[in-house]
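Structure assessment
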Amino acid sequence: MNDESHHHMVCSKCKAITDIGEKELGLVSKQDKLPGGFLVERYAVDVIGICAKCHQA
């Protein structure tokens, strides 16, 4: 289990899920509060695309 801050890359063809670090996405600065008094508990980002294996097939 990856216990470091990370997000997921999801292949839309084979549905493979791969971890990607926040720094690799350029998401190093996050706000704890958003407009309207919304308090952030965590951020979750899914990057949807085609993995290298499916792209080459």
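Residues numbered from 1 in each chain as written. Predicted model: local features only at pLDDT ≥ 70, side-chain atom pairs only at ≥ 80, totals over all residues. Heavy atoms only, no water.

Strand order across the open sheet formed by three strands is β2-β1-β5, with mixed pairing between neighbours. Of all the strands in the sheet, the pair left with one neighbour each is β2 (17-21) and β5 (46-49). Within this sheet the neighbouring strands show an average axis-to-axis angle of 30°, counted without direction. The sheet contact formed by strand β1 (residues 6-11) and β2 spans five bridges and is antiparallel. Within the sheet, the bridge partner assigned to His-7 lies in β2 and is Ile-20. (Pairing = 2+ DSSP bridges. Helix = DSSP H or I, 4+ residues; strand = E, 2+ residues; numbered from the N terminus. Axes fitted to C-alpha atoms, helices over the stretch in contact; angles between N-to-C directions.)

With respect to the element layout, Ala-16 can be found in the loop between β1 and β2. Since its relative accessible area comes to 33%, Ala-16 is described here as partly exposed. In the structure, Ala-16 is positioned 18 residues away from Leu-34 in sequence and 32 Å away in space, judged by C-alpha atoms. Other than its neighbours up to four places away in sequence, Ala-16 contacts Met-9, Val-10 and Cys-11. (Buried < 20%, exposed > 50% of the residue type's maximum accessible area, 1.4 Å probe, protein only. Contact = heavy atoms within 4.5 Å.)

By definition, a disulfide is the covalent link that joins the sulfur atoms of two cysteine residues. Under the criterion given, the structure shown has zero disulfides. Cysteine Cys-14 is unpaired, with the sulfur of Cys-11 as its nearest cysteine sulfur at 3.7 Å. With a relative accessible area of 41%, Cys-14 lands in the partly exposed category. For the unlinked cysteine Cys-54, the closest cysteine sulfur is that of Cys-51, found at 3.7 Å. (Disulfide = S-S within 2.5 Å.)

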